[in-house]
Amino acid sequence: MAVAVKGSITVEGQEITITNPDKPLWPEMGITKRIYLEKLAVLSPYLLRYCRDRLLTVIRYPHGVDGMSFYQKNAPEPLPPFVRTAVHEKITYIILQGLPDLLWLGNLAALEFHPSLHYTGSTLPCEWMIDLDPSREVEPRIMEAASIVGEVLRSLGLLSVPKTSGATGVQIIVPVHPGVTFEELRRIGHFVGRFVTEKHPDLFTLERLKKNRGDRIYFDYLQHYGGKTLAAPYTPRARPQATVSTPLMWEEVERNVSPLDFHLLNIEERLRSIGDLIEQLPPQPVEAIITQLS
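Starting from 1, residues in each chain are numbered consecutively following that chain's sequence as written. The model is predicted, so local features are restricted to residues of pLDDT at least 70 and side-chain atom pairs to those at 80 or more, both for listing and for counting; the totals for chains, interfaces and linings are taken over all residues. Remark: hydrogens and water are excluded; side-chain values derive from all non-hydrogen atoms of the structure.

Visitor: Explain the pattern of salt bridges to me, using residue names and the numbers behind them.
Guide: For this document, the term salt bridge refers to a Lys or Arg side-chain nitrogen within 4 Å of an Asp or Glu carboxyl oxygen. Scanning the entire structure with this criterion turns up 13 salt bridges. For Arg49, the salt bridge is made with Asp276, and the minimal N-O distance between the two is 2.7 Å. Of the two residues, Arg49 is situated in the loop between α1 (33-47) and β5 (54-60) and Asp276 in the loop between α6 (267-274) and α7 (286-293); the sequence distance between them amounts to 227 residues. On the basis of relative accessibility, which here comes to 29%, the residue Arg49 falls in the partly exposed class. Secondary structure counts use DSSP, requiring at least four H or I residues in a row for a helix and at least two E residues in a row for a strand, with both numbered from the N terminus. Three exposure classes are used, based on accessible area relative to the maximum for each residue type with a 1.4 Å probe and protein chains only: buried under 20%, partly exposed in between, and exposed over 50%.

Visitor: Pulling in residues and values, what's your account of the sheet that holds strand β10 (residues 127-133)?
Guide: Reading across the sheet, the five strands line up as β11-β12-β10-β14-β13 and stay open at both edges, with mixed pairing between neighbours. Pairing within the sheet leaves two strands with one partner each, and these edge strands are β11 (161-164) and β13 (204-205). Pairing between strands is defined by DSSP: at least two bridges between the two strands are required. In this sheet, strand β12 (residues 170-175) lies alongside β10 in antiparallel orientation, the contact comprising six bridges. The partner of Leu132 across the bridge, within β12, is Val170.

Visitor: Explain the side chain of Asp101 to me, and be specific about the residues and the numbers.
Guide: Here Asp101 shows up in helix α2 (residues 99-107). Within the buried core, Asp101 has no salt-bridge partner, and the shortest N-O distance to an opposite charge, that of Arg84, equals 7.9 Å. Note on contacts: a residue pair is in contact if any heavy atoms of the two residues lie within 4.5 Å. Setting aside residues no more than four positions away along its own chain, Asp101 makes contact with Phe82, Val83, Ile95 and Leu96. None of His or the chain ends enter the tally, which takes Lys and Arg as positive and Asp and Glu as negative.

Visitor: A description of the packing of aromatic side chains should follow, citing residues and the corresponding values.
Guide: For Phe, Tyr and Trp, rings pair up if their centres lie within 6.5 Å, where Trp contributes its six-membered ring, and each pair is then called stacked (planes under 30 degrees apart), edge-to-face (over 60) or tilted (otherwise). A complete count under the given rule lists four aromatic pairs for this structure. Summarising the aromatic geometry, the rings of Trp26 and Tyr36 are spaced 5.1 Å apart at their centres and angled 65° between planes, so their arrangement reads as edge-to-face. Of the two residues, Trp26 sits in strand β3 (residues 24-26) while Tyr36 sits in helix α1, which places them 10 residues apart along the sequence. For the pair Trp26 and Tyr36, a shared accessibility class is recorded, and that class is buried. With centroids separated by 5.6 Å and ring planes inclined at 50°, the aromatic side chains of Tyr46 and Tyr234 adopt a geometry described as tilted. Pair noted here: Tyr46 is in helix α1 and Tyr234 is in the loop between β14 (217-220) and α5 (250-254), with a separation of 188 residues, a long-range link. Each member of the pair, Tyr46 together with Tyr234, is buried. Members of the aromatic cluster, connected to one another through ring pairs, are Tyr46, Tyr50 and Tyr234. Two thresholds decide whether a charge sits over a ring: the Lys NZ or Arg CZ must be within 6 Å of the ring centre and within 35 degrees of the ring normal. The ring of Trp250 carries the charged tip of Arg154 above its face, separated from the ring centre by 5.3 Å.

As structure tokens, this is what we get:
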């Protein structure tokens, strides 16, 4: 019978209980809980940038990626004193603040981090995200689709950063100035989505029902809205290869990189080399397009 191992670490003055550090979380990659917590600490400056002060949903895998999982919106009890929460629509969400909170969640085998698209107490988007969602489990055209959308945005005067979802899709992120609304961004999203689906009807669809999409890639501009979530930049994903949702350079998209290329065991080297591509892009002038579409 396996013996439970329990200890604690002190991070930024906070004591965090660690249980079963040698438990395999991504067995195929040889990643135990101990290794995961080390990698989370490396990712924390980047991951926290897109989770801090937002309503957080996590997906927990108590027995690793091969075991059962559950979405956790309500904060579990008991909570350590350093973990902040906020109530939104009768749900008590965790509000991430720093590394102690992140490692506490990592110890609970929270393997995916899905923050709200707005800050706690706000109804305005933090950034604009278009979600390209394949209908097939393996979609060799996903980078081609991302490239087309990026080119359309560029033609509108908007620079953007594509990122792998870490699963099968790609999100395209456009930083925006505070004050732009979800409704306004939906209007641009619908405009761009209609344009690419009319121009490439075999590649894109605006059909929400998966059973009606065939093999086309869903241009999802509706998921970007208050109360909804998308996988955070730099979140690990509960896939066998321990992929990480990773911002890309457009040249990488043109080279048709695979989402499998970016995972917990090599993300540190990439971040050291190129930093956070999203943070490097200033807010884009979406207001000019909103005015034209009004």
